[in-house]
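Residues per chain, in single letters:
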Amino acid sequence: WAAGYINALAARGIVDGRGDGSFDPLIGCKREEMAKILVKAFRLEGRESGTFSDVDENEWYYPYIRALCGSGAAQGIGGGRFGVGMNITRQDAFCMVAAVLGETKAEDSGKAAVFADEGQIAGYAAESVRKLAALGVVGGDDAGRINPGAEITRAEMAKIIYLALSCMGDD
């Protein structure tokens, strides 16, 4: 189900594999991977500013996290940390995508989505989830759940990035 999204993003240089040629669609997406993908997808390069205490300036992810900070879309895990090495939750990924889209001309349909597990969405993420659902970027699973605290897989991440780009007319 995700092959089309992954291949379309790979063709544009937005996502890539793990070094051994595999994409590993079913494993969790690391927070720094999400930063790189957002920066590449939404052309956020050149906005570098600030950083987090756990972001090593000698690592591959450093410019991406700095660019995400400069765009205003970076979200840490508290205590001045970005959460390098940690898998990103669905609601945190949604917050970052919604923040990037906040700078765009994308318009939502105004439809309010209701999820079976809506009460589990953290207060800081509720507006982002609503926005992305109204744009058609995220939706519930077969049981109507958004699973906000679950880790987002690389396949799910590719789908929401593709759909976010599509809602801006950039697919």
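Look up: the structure comes first, before these words.
Residues numbered from 1 in each chain as written. Predicted model: local features only at pLDDT ≥ 70, side-chain atom pairs only at ≥ 80, totals over all residues. Heavy atoms only, no water.

Per the stated rule, a full pass over the model turns up six salt bridges. For Asp141, the salt bridge identified is with Arg145, shortest N-O distance 3.0 Å. Under the relative-accessibility criterion, Asp141 is labelled partly exposed at 27%. (Salt bridge = Lys/Arg side-chain N within 4 Å of Asp/Glu carboxyl O. Buried < 20%, exposed > 50% of the residue type's maximum accessible area, 1.4 Å probe, protein only.)

This next bit is on the state of the cysteines. The tally for this structure, following the rule as stated, stands at zero disulfides. With no disulfide of its own, Cys69 lies 15 Å from the sulfur of Cys95, the closest cysteine sulfur. Cys95 supplies the cysteine sulfur nearest to Cys167, a cysteine that is in no disulfide, at a spacing of 16 Å. Relative accessible area serves as the criterion here: at 28%, Cys167 is assigned to the partly exposed category. (Disulfide = S-S within 2.5 Å.)

Right, let's talk about the packing of aromatic side chains for a bit. Scanning the entire structure with this criterion turns up four aromatic pairs. Centroid distance Phe52 to Phe82: 5.3 Å. Interplanar angle 50°. Geometry classified as tilted. Of this pair, Phe52 sits in the loop between helix H2 (31–41) and helix H3 (62–71) while Phe82 is found in the loop between H3 and helix H4 (90–101), placing the two residues 30 residues apart along the sequence. Side by side, Phe52 and Phe82 carry an identical accessibility label, which is buried. (Phe/Tyr/Trp six-rings, centres within 6.5 Å; stacked < 30°, edge-to-face > 60°. Helix = DSSP H or I, 4+ residues; strand = E, 2+ residues; numbered from the N terminus.)

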